[in-house]
Amino acid sequence: MKRHPGLEWAAVHAKLEANPEKLWSLNEMERTGGEPDVVGQDAKTGEFIYFDCSAESPSGRRSLCYDKAALDARKENKPVDSAVNLADSMGIELLTEEQYRELQRLGDFDLKTSSWVKTPSEIRKLGGALFCDRRYDHVFTYHNGADSYYAARGFRGSLRV
């Protein structure tokens, strides 16, 4: 409850029942280790906002390069997929850097792992991609080649219902 004080469960439940396709996406978030939870409500649209709240980057979404272009650019040792493609197939969005920082205000996440975040197009055009983690009680944003992938790097998603 500390992640969503003041939210009425009946209203959250009603939104989910009215949007069954979103239940599938939430299930995919859960199935891949994300532990999705309601973290807020958009005051303008009334949509409830879910983030992956697992302590570490979701275990079923690691060892992925950033996007399809990065995956296609790899000549050898390709990962099985990309973060952006997998998120799209799940019906979710990668967290932005701002959303990642919002998540970190709710607890301590990614103390041992890191997570790709939505990368601005001007950085992506130059071959880079951004990822974040929490170390030394501080949230860091870093860069890497979009085609890189590591066993300890995955991605966290968001879903609006």
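Shown above is the structure to which this text applies.
A brief look at the structure comes next. Computed from a predicted model, the values in this text were never measured in an experiment.

Reading guide: rules and limits
Residues numbered from 1 in each chain as written. Predicted model: local features only at pLDDT ≥ 70, side-chain atom pairs only at ≥ 80, totals over all residues. Heavy atoms only, no water. Helix = DSSP H or I, 4+ residues; strand = E, 2+ residues; numbered from the N terminus. Buried < 20%, exposed > 50% of the residue type's maximum accessible area, 1.4 Å probe, protein only. Pairing = 2+ DSSP bridges. Contact = heavy atoms within 4.5 Å. Axes fitted to C-alpha atoms, helices over the stretch in contact; angles between N-to-C directions. Arc of directions from axis to C-beta.

Some points on unusual backbone geometry
The backbone of Asn77 sits at a positive phi, close to 50°, despite the residue not being glycine. Here Asn77 shows up in the loop between helix 3 (68-73) and helix 4 (83-90). Residue classification places Asn77 among the exposed positions, given a relative accessible area of 57%. The backbone of Asp110 sits at a positive phi, close to 55°, despite the residue not being glycine. Its location among the elements puts Asp110 in the loop between helix 5 (97-104) and strand 4 (114-117). Judged by relative accessible area, Asp110 falls into the buried class, the value being 0%.

Topic: the sheet that holds strand 8 (residues 157-160)
Read across the sheet, 4 strands follow the order 1-2-8-3 without closing on themselves; strand pairing throughout is antiparallel. The sheet is open, and its two borders are formed by strand 1 (36-41) and strand 3 (93-94), each paired with just one other strand. Sheet topology places strand 1 next to strand 2 (residues 48-52); 5 bridges connect them, and they run antiparallel. Note on strand 2: the bridge partner recorded for Asp37 is Phe51. Helix 1 (residues 9-18) contacts strand 1 and strand 2 of the sheet and is inclined by roughly 85° relative to strand 2. On the sheet, helix 2 (residues 20-31) packs against strand 1, strand 2 and strand 8 and is oriented at approximately 160° with respect to strand 8.

Things to note about the sheet that holds strand 4
Paired through backbone hydrogen bonds, the strands of a sheet run either parallel or antiparallel to each other. Spatially, 4 strands are ordered 6-5-4-7 in an open sheet, and the strand pairing comes out mixed. Strand pairing shows two members of the sheet lacking a second neighbour, strand 6 (138-145) and strand 7 (153-155), which therefore form its edges. In this sheet, neighbouring strand axes are inclined to one another by 35° on average, regardless of whether the strands run parallel or antiparallel. Sheet analysis places strand 4 next to strand 5 (residues 128-135), joined by 3 bridges and oriented antiparallel. Within the sheet, the bridge partner assigned to Trp116 lies in strand 5 and is Phe131.

Re helix 5
Listed as buried for helix 5 are Gln99, Tyr100, Leu103 and Gln104. Down the axis of helix 5, the buried set is contained in an arc of 145°. They therefore lie on one face.

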